[in-house]
Amino acid sequence: MTTLSLVIRPERPEDAPAIDRLQARAFGPGRFARTAYRLRERARERRDLGITASVGNFLVGSVRMGPVRAGTMSFVMLGPLAVDPSFAGRGIGGTLTRAAIEAARQAGEGLVILVGDASYYSRFGFTPVPPGRLTLPGPVDPARLLWLELAAGFHEGVSGLVEAVRP
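Remember, predicted model here, so these are calculated numbers, not experimental data. Along each chain, the written sequence defines residue order, and numbers are assigned to residues from 1. Only residues with pLDDT of 70 or above have their local features reported here, since the model is predicted, and side-chain atom pairs are shown and tallied only from 80 upward, although totals for entire chains, interfaces and linings are computed over all residues. The side-chain numbers reported here are obtained from all heavy atoms of the structure, hydrogens and water having been left aside.

Q: In this structure, what is going on with the overall build of the protein? I would like to understand it.
A: If you tally the helices and strands in the protein, you get four helices and nine strands. Each helix and strand of the protein, placed in order from N terminus to C terminus, yields the pattern β-α-α-β-β-β-α-β-α-β-β-β-β. In this scheme, a residue with accessible area under 20% of its type's maximum is buried, one over 50% is exposed, and one in between is partly exposed, where area comes from a 1.4 Å probe on protein chains only. Out of the 167 residues belonging to the protein, those deemed buried represent 45%. Note on definitions: a residue-residue contact is assigned when non-hydrogen atoms from the two residues lie within 4.5 Å. Within the protein, contacts between residues at least 6 apart in sequence are counted, and of these 70% link residues at least 24 apart. For the accessible areas, the method is Shrake-Rupley and the probe is 1.4 Å, while residue cover comes only from the protein chains on display. Accessible surface, the protein: about 8,300 Å² in total, of which carbon and sulfur atoms supply 54%. Helical segments are the DSSP runs of H or I of at least four residues, strand segments are the runs of E of at least two, and each set is numbered from the N terminus.

Shown next as structure tokens:
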């Protein structure tokens, strides 16, 4: 297997059309029906936390975060994490996830949540949200609702319905 000349960098405004095309390739039209997608589409993106991966001029991966809250506690939601299907299995998703977590930590965020596979995201420190602590505005398998505390003790005050933070 050849080594990729992968460039990881912060998302820029001009990346938006390529990221939209990437998400369509990676997830197809079914993405619009998912609860996490519907919640994210109501929130503004935190472009300062978005990370992209490119090989040459081709965008092969992207991860975004958006601001959410539960009650009075604000935090961020990771996703979508998208990797071009032809580049899957090469560690791009993990590299993007680590970079996004570090960006959130550097920005002073206290907590990151996501909807995903615990077996994949546990390597980054994500754990299942305790039953009944958080709910999303739509159906989600509770075992797939995960969080990662970035500031010690932050999760103590987090509970309730997760809502998008609008601009």
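Still more to cover.
Q: What exactly am I supposed to notice about the nonpolar core here?
A: Nonpolar side chains in soluble globular proteins generally cluster together in the buried interior. What makes a nonpolar core is a set of buried Ala, Val, Leu, Ile, Met, Phe, Trp, Tyr and Cys residues whose side-chain atoms join them at distances within 4.5 Å. One finds M65, V112 and F126 to be the most contacted residues of the largest nonpolar core, which totals 25 residues. Mapped by element, the contributors of at least two residues to this core are β2 (51-55), β3 (58-70), β4 (73-83), α3 (92-106), β5 (111-115) and β8 (145-149). Looking at this core element by element, the count peaks at six residues for α3. In this view, F126 contacts I101, V112, L114, Y121, L146, W147 and L148; residues no more than four positions away in its chain are not counted. In this structure, L136, L145, W147 and F154 belong to the second largest nonpolar core, which totals 14 residues.

Q: Any chance you could explain the pairing of β3 here in plain terms?
A: Consecutive side chains along a regular strand alternate between the two faces of the sheet. Of all the 13 residues making up β3, eleven are buried; the element is thus mostly covered by neighbouring parts of the structure. In this scheme, strands are said to pair when DSSP sees at least two bridges between them. By the bridge criterion, five bridges tie β2 to β3 in an arrangement that is antiparallel. In the sheet register, I51 faces β3, and the bridge partner there is V63. The turn linking β2 back onto β3 is made up of two residues, and G56 within it adopts a positive phi angle of 65°. Pairing geometry for β3 and β4, over nine bridges, is antiparallel. Directly across from S62, in β4, lies its bridge partner A82. The turn joining β3 and β4, which pair antiparallel and follow one another in sequence, is formed by two residues; a positive phi near 65° is taken by G71. Pairing of β3 with strand β9 (residues 160-164), which is carried by three bridges, proceeds in the antiparallel orientation.

Q: What is the right way to look at the pattern of salt bridges in this model?
A: Any two side chains of opposite charge can pair, so long as their charged atoms come close to each other. Just to be clear on terms, a salt bridge is a Lys or Arg side-chain nitrogen sitting within 4 Å of an Asp or Glu carboxyl oxygen. For the coordinates displayed, the defined rule picks out ten salt bridges. Note that E14 and R12 form a salt bridge whose closest N and O atoms lie 3.9 Å from each other. A relative accessible area of 36% places R12 in the partly exposed class. For the salt bridge of R105 with E102, the shortest nitrogen-to-oxygen distance reads 3.4 Å. One end of the pair, R105, and the other, E102, are both in helix α3, three residues apart, so they sit about a helical turn from each other. Note on R105: relative accessible area 39%, which makes it partly exposed. Among the residues examined, E102 registers a relative accessible area of 35% and is labelled partly exposed. Members of the salt-bridge network, linked through shared partners, are E11, R47 and R64.

Q: I tried to follow the pairing of β2 on my own but got confused; where do I start?
A: Where burial is concerned, most of β2 is hidden: four out of the five residues are buried. Pairing between strand β1 (residues 6-10) and β2: five bridges, direction antiparallel. Paired with L6 across the strands is V55, a residue of β2.

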